[in-house]
2 protein chains.
Amino acid sequence: MKKKELQGVKEIARRANVAIATVDRVIHNRTGVSAKTREKINKIIAELNYQPNLLARRLASGKTISIAVLIPSVTEETDFWEAPLQGIQQAEAEIRSYGINVNLFFFELSDPNSFITQANRILDSTVDGIVLAPSFVDEAQEFTTVCQRNGIPFVFIDADIPGQQSLSYIGPPLFQSGYLAGKLSTYKLHETSKLLIVNIATSLDSFTYKQIEDGFKTYFTDHELKYPILRADIRQTDFASISNHLQQLFDANTDIDAVFVSNSRVFSVARFLDSRQSSQKPLLIGYDFVNENIHFLASGTIDFLICHQPKDQGYRSIMALYQHLVLLAPVAKEYYMPIDIVTQENQAFYRN
Amino acid sequence: MKKKELQGVKEIARRANVAIATVDRVIHNRTGVSAKTREKINKIIAELNYQPNLLARRLASGKTISIAVLIPSVTEETDFWEAPLQGIQQAEAEIRSYGINVNLFFFELSDPNSFITQANRILDSTVDGIVLAPSFVDEAQEFTTVCQRNGIPFVFIDADIPGQQSLSYIGPPLFQSGYLAGKLSTYKLHETSKLLIVNIATSLDSFTYKQIEDGFKTYFTDHELKYPILRADIRQTDFASISNHLQQLFDANTDIDAVFVSNSRVFSVARFLDSRQSSQKPLLIGYDFVNENIHFLASGTIDFLICHQPKDQGYRSIMALYQHLVLLAPVAKEYYMPIDIVTQENQAFYRN
DNA sequence: TATATTTACGGGTACGTACCCGTAAATGAG
DNA sequence: CTCATTTACGGGTACGTACCCGTAAATATA
């Protein structure tokens, strides 16, 4: 009569007339329980809609979960990956008390072998989940194929590889991002204007650039706007090469009134435009809230930066694995970031 | 020799040569400890930089923390407050296991008495912290004065009242928001263009509208742009009144090429512009990602919506109190939201 | 001085779950 | 049939903190 209602495993054990150790074995699918007892306990679990108390579980369990992060290192050239790293570290701080360790493995964007080396180090360790930036598509696919075979869940950050069994992709919707750039580039156009797309990277055959450029051009097709769209593919990323290349283009073409740079190297184009003594400066659009770009945005040389909240990408990629590994909850296959428009006027409050 | 290193209160007790119950009394500043013993224990706490294990603390403590939320109800007229409510509920779900209860108290934006009634109900309950939207400035100030006297921390959401001892303000930087609107409104201007600011609300003397309008006008002053800026203050919020008012204005003025609406009722202006058979539609800017506005954004009548992530505002306001009440950590006095520019092209990925 | 009250302190139990190790019973092998 | 191995099960301890209640010593009061 004075029996106080118990909770959790104790109540299940009481109802099933077994010890809580037996309930625990059923919950964790361990051996040492007869089929009959197991069935009886599972039925009570379902009736009670038993939800484990995560606080107690973490406190009692000695098990740790290891997450590996494989992303480009922050370089002098670009600090883009600083923000995802901060998001990753923020997530780690939040979930550390749940027994999660995050280990960082950096590679160089200029060296596919560094990716392979770090990927192999990850495979040599005991790892429960992986966050990776698939900057080198072939190498990343080889790596993720091994992960799939070993049953290790992985999350793509900032770029996707379609057709992979990733747990999740967390990054920008690239086609639509380029489409928006198309719209923004129209604000300073005249009847005789030309537009210029600038791609600056050592390797330009990736899925990423193609999506962005397709989106940009599709805006003009959809709206039946007939402006000529020039294109500059620049594989030497030093400023002198960029400057020469652009100089030749601008010399050969008057009326370039809008320039769209398909990645974060828009600061090089801004620098070029600033060094050019021209009465009319074209509208300039590029990507990413990195320090160099912020400087030219503040001075007005860059008109729009399109940004995809890289810090939140880092945060969410870790949290996706937490959700999968700790909460045992489903994770969205794709989480597209918002397409943020950053201008001189709102940049002070932008949260990258 | 085989003594395993202990952690937390056990290690402190070992070093101080007291029982853990005594350490507990010191940690919680309870009586029953001599000054000498208390000082010795506090010194060890500082040496070890003791951080309580929150999981264990919540598991062991029977105490609950009660947070009251005082915000406008979601109405047929505007669903703006739906998003903050979702953010609040998300935060609650995340921190419920830490012993936090969130209780919702809604008031009507058309009725200051409803605010007073709900505020008094909150004061009659046992409450540890409050999130409130200070829609009615005088009433809100009275309420927060009582909270201060009773030592109850409160967080302002979406609007601030300067000079109050709030724990935090979480909302948009309004002046800068209006300033950005000024910039955006220039994209379709010609030499003879006029601009129009539209304020639609029953009460227009609040701090909020003044900041926005000041920001808008300051953009033109700063850039020495001499366009005439008309203004419409509309206190009857039904569509017929708005329509009549605007019709008269447009009849009396040709060349209104940009319209800036200072709140979420921009859908009424959009509807008016759509009903007007005019060959040239002015650029239209307003606030908030509410359903009616999204509809006109998608169709192209509205060119820009300026948004301040109201869902995240709700989430962060609860988390600010959690940080203060549970983590005992400092909270930023002001957390300004990003100023988001939402267009037809990026609206599908906007996370309100 | 005797008695009552207050202060200082510690053992023990609780929270909900994880998991070790021991015991009894059932099953398999020689 | 005897002995070895496996299976099923439960008591107990652990995790780190919170807090109750009992005991001894110190202090106050009559």
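Reading the values: the criteria
Here the residue index of a chain counts from 1 through its sequence in written order. Chains and ligands are labelled sequentially in the order written, the chains with letters from A and the ligands with numbers from 1. Under the rules for a predicted model, residues below a pLDDT of 70 receive no local features and side-chain atom pairs below 80 are neither given nor counted, while totals for whole chains, interfaces and linings still include all residues. Only heavy atoms go into the side-chain values, all of them from the structure, while hydrogens and water stay out. In this description, contact between two residues means that some pair of their heavy atoms is separated by no more than 4.5 Å. A quick way to say it: buried area is the sum, across both parts, of accessible area lost when two parts are put together, with a 1.4 Å probe. Whenever Lys or Arg places a side-chain nitrogen within 4 Å of a carboxyl oxygen from Asp or Glu, that contact is recorded as a salt bridge. Helix and strand definitions here come from DSSP, where helices need a minimum of 4 consecutive H or I residues and strands a minimum of 2 consecutive E residues; each element is numbered from the N-terminal end. In this classification, Asp, Glu, Lys and Arg are treated as charged, Ala, Val, Leu, Ile, Met, Phe, Trp, Tyr, Cys and Pro as nonpolar, and every other residue, Gly included, as polar. Working definition: rings of Phe, Tyr and Trp (its six-membered ring) pair if their centres are within 6.5 Å, and the pair is stacked with planes under 30 degrees apart, edge-to-face with planes over 60 apart, and tilted otherwise. Note on exposure labels: buried denotes an accessible area under 20% of the residue type's maximum, exposed denotes more than 50%, and partly exposed covers the range between, all computed with a 1.4 Å probe on protein chains only. A ring is considered to have a charge above it if a Lys NZ or an Arg CZ atom is located within 6 Å of its centre and within 35 degrees of its normal. When the copies are overlaid, the least-squares fit takes in C-alpha atoms only where the residue has pLDDT of at least 70 in both copies. Think of it this way: DSSP has to see at least two bridges between two strands before they count as a pair. We call a residue near a molecule or strand whenever a single non-hydrogen atom of that residue lies within 4 Å of it. Distance and chemistry together define a polar contact, namely a pair of N or O atoms within 3.5 Å, with one atom able to donate a hydrogen and the other to accept it when in protein, and with adjacent residues in sequence counting only for side-chain atoms on both sides. Segmentation into domains, and thus their bounds, comes from an automatic or database assignment. Note on geometry: axes are C-alpha line fits, over the in-contact stretch for helices, and angles between N-to-C directions span 0 to 180 degrees.

Asker: Help me understand the interface of chain A and chain B, please; the structure alone is not making it clear to me.
Answerer: The parts lose accessible area when they come together, and the size of an interface is often stated as this lost area. Counting from both sides, the interface comprises 28 residues of chain A and, opposite them, 28 residues of chain B. Broken down residue by residue, the surface that chain A buries against chain B is led by Leu55, Glu345 and Phe349 of chain A, which jointly contribute 27%. Linking chain A to chain B there are two salt bridges. Residues Glu345 of chain A and Lys183 of chain B are paired through a salt bridge, measuring 3.7 Å at the closest nitrogen-oxygen approach. Broken down by secondary-structure element, the contributors of at least two residues to the side of chain A that touches chain B are helix H4 (54–60), helix H8 (174–184), strand E11 (334–336) and strand E12 (340–342) of chain A. A per-class count over the side of chain A that touches chain B returns 17 nonpolar, six polar and five charged.

Asker: Any chance you could explain the packing of aromatic side chains here in plain terms?
Answerer: Both the distance between ring centres and the angle between the ring planes are used here to describe each pair of aromatic rings. Within this structure, the stated rule accounts for 40 aromatic pairs over all chains. With 5.2 Å between their ring centres and 90° between their planes, Phe80 of chain A and Trp81 of chain A make a pair best called edge-to-face. With respect to class, Phe80 of chain A is no different from Trp81 of chain A; both count as buried. Directly above the aromatic system of Phe239 of chain A lies the positively charged group of Arg271 of chain A, at a separation of 3.8 Å from the ring centroid. Just above the ring of Tyr335 of chain B sits the side chain of Arg351 of chain A; from NZ or CZ to the centre is 3.7 Å.

Asker: Got a minute to help me understand the relation of the copies chain A and chain B in this structure?
Answerer: One copy of the chain maps onto the other through a rotation about an axis plus a displacement along that axis. Here chain A sits on chain B after a turn of 180° about the axis and a move of 0.1 Å along it, with an RMSD of 0.2 Å. Both chain copies can therefore be described as sitting about a two-fold axis. Residue Leu55 of chain A, judged by its C-alpha, is the member of chain A lying nearest the rotation axis, at 2.5 Å. By residue overlap, the copies meet face to face through one surface: 100% of the interface positions of chain A are interface positions in chain B.

Asker: Sorry, what's going on with the pairing of strand E10 (residues 304–307) of chain B here?
Answerer: Two faces belong to every sheet, and in a regular strand the side chains alternate between them. All names here are of chain B. Of the two faces of E10, the one lined by Phe304 and Ile306 and the one lined by Leu305 and Cys307 are each fully buried. By the bridge criterion, three bridges tie strand E9 (residues 283–287) to E10 in an arrangement that is parallel. By the bridge assignment for E10, Ile285 is matched with Phe304.

Asker: Help me understand the protein's contact with DNA strand C, please; the structure alone is not making it clear to me.
Answerer: Lining the immediate surroundings of DNA strand C are 28 residues, of which Val9, His28, Arg57 and Ala60 of chain A together with Ala19 of chain B lie closest. Protein-proximal atoms of DNA strand C, defined as those within 4 Å of the protein, fall in sugar or phosphate at a share of 70%. At 3.2 Å, a backbone N or O of Asn53 of chain A approaches a phosphate oxygen of DNA strand C. Of all the secondary-structure elements, those providing two or more residues to the surface near DNA strand C are helix H1 (8–16), helix H2 (20–27) and H4 of chain A together with helix H2 (20–27) and helix H4 (54–60) of chain B. Along the lines of polarity and charge, the residues of the surface near DNA strand C split into 12 nonpolar, 11 polar and five charged.

Asker: Looking at this structure, how should I read the protein's contact with DNA strand D?
Answerer: In the vicinity of DNA strand D there are 28 residues, among which Ala19 of chain A together with Gln7, His28, Arg57 and Ala60 of chain B approach most closely. Here DNA strand D approaches the protein such that, of its atoms within 4 Å, sugar and phosphate make up 69%. Here a phosphate oxygen of DNA strand D sits 2.5 Å away from a polar atom, N or O, in the main chain of Ala19 of chain A. If you list the elements that add at least two residues to the surface near DNA strand D, you get H2 and H4 of chain A together with helix H1 (8–16), H2 and H4 of chain B. Partitioning the surface near DNA strand D into residue classes produces 12 nonpolar, 11 polar and five charged.

Asker: What should I look at first to understand the pattern of salt bridges in this one?
Answerer: Pairing of side chains with opposite charge becomes possible as their charged atoms draw close. Scanning the model with the defined rule gives 22 salt bridges over all chains in all. In this structure, Glu92 of chain A engages Arg96 of chain A in a salt bridge whose closest nitrogen and oxygen atoms are separated by 3.9 Å. Residue class for Glu92 of chain A comes out buried when judged on its relative accessible area of 17%. By relative accessible area, which is 47% here, Arg96 of chain A ends up partly exposed. Close ionic contact of Arg15 of chain B with Glu11 of chain B constitutes a salt bridge, the shortest N to O distance being 2.8 Å. Here Arg15 of chain B and its partner Glu11 of chain B are both found in helix H1, four residues apart, which amounts to about one turn of the helix. Classification of Glu11 of chain B as buried rests on a relative accessible area of 2%. Ionic contacts of the salt-bridge type, sharing partners, join the residues Glu213, Lys217, Arg231 and Asp233 of chain A into one network.

Asker: Before we go on, may I ask you to explain the domain arrangement of chain A in this structure?
Answerer: Here chain A is partitioned into domain 1 (8–51), domain 2 (65–172 + 310–337) and domain 3 (174–307). A separation of 63 Å is found between the C-alpha centroids of domain 1 of chain A and domain 3 of chain A.

Asker: How should the environment of Val146 of chain B be read in this particular structure?
Answerer: Residue and element names in this part refer to chain B. With respect to the helices and strands, the residue Val146 is situated in helix H7 (residues 137–149). For Val146, a relative accessible area of 23% gives the class partly exposed. Along the backbone, Val146 and Leu123 are 23 residues apart, and their C-alpha atoms lie at a distance of 8.5 Å.

Asker: Is there a simple way to explain the sheet that holds strand E7 (residues 229–234) of chain B in this structure?
Answerer: Strand pairing in a sheet takes place through backbone hydrogen bonds and is either antiparallel or parallel in direction. Residues and elements named next belong to chain B. Read from one edge to the other, the open sheet built from six strands follows the order E7-E6-E8-E9-E10-E12, with strand pairing classed as mixed. Either end of the sheet is taken by a strand with one partner, and the two such strands are E7 and strand E12 (340–342). Geometrically, the sheet is characterised by an average inter-axis angle of 20° between neighbouring strands, direction not taken into account. This element, helix H11 (residues 266–275), spans strand E6 (194–200), strand E8 (256–261), E9 and E10 of the sheet and lies at about 155° to E9.

Asker: Help me understand the sheet that holds strand E4 (residues 154–157) of chain B in this model?
Answerer: Residues and elements named next belong to chain B. Within the open sheet, the six strands sit side by side as E2-E1-E3-E4-E5-E11. Their pairing is parallel. Only two strands of the sheet have a single partner each, and these edge strands are strand E2 (100–107) and strand E11 (334–336). On average, each strand axis in the sheet is tilted by 15° relative to the strand beside it, whichever way the strands run. In terms of strand pairing, strand E5 (residues 168–171) meets E11 through three bridges, oriented parallel. Bridge pairing links Ile170 to Tyr335 in E11. The sheet contacts of helix H5 (residues 82–95) involve strand E1 (65–72), E2 and E4, and relative to E2 the element is tilted by about 165°.

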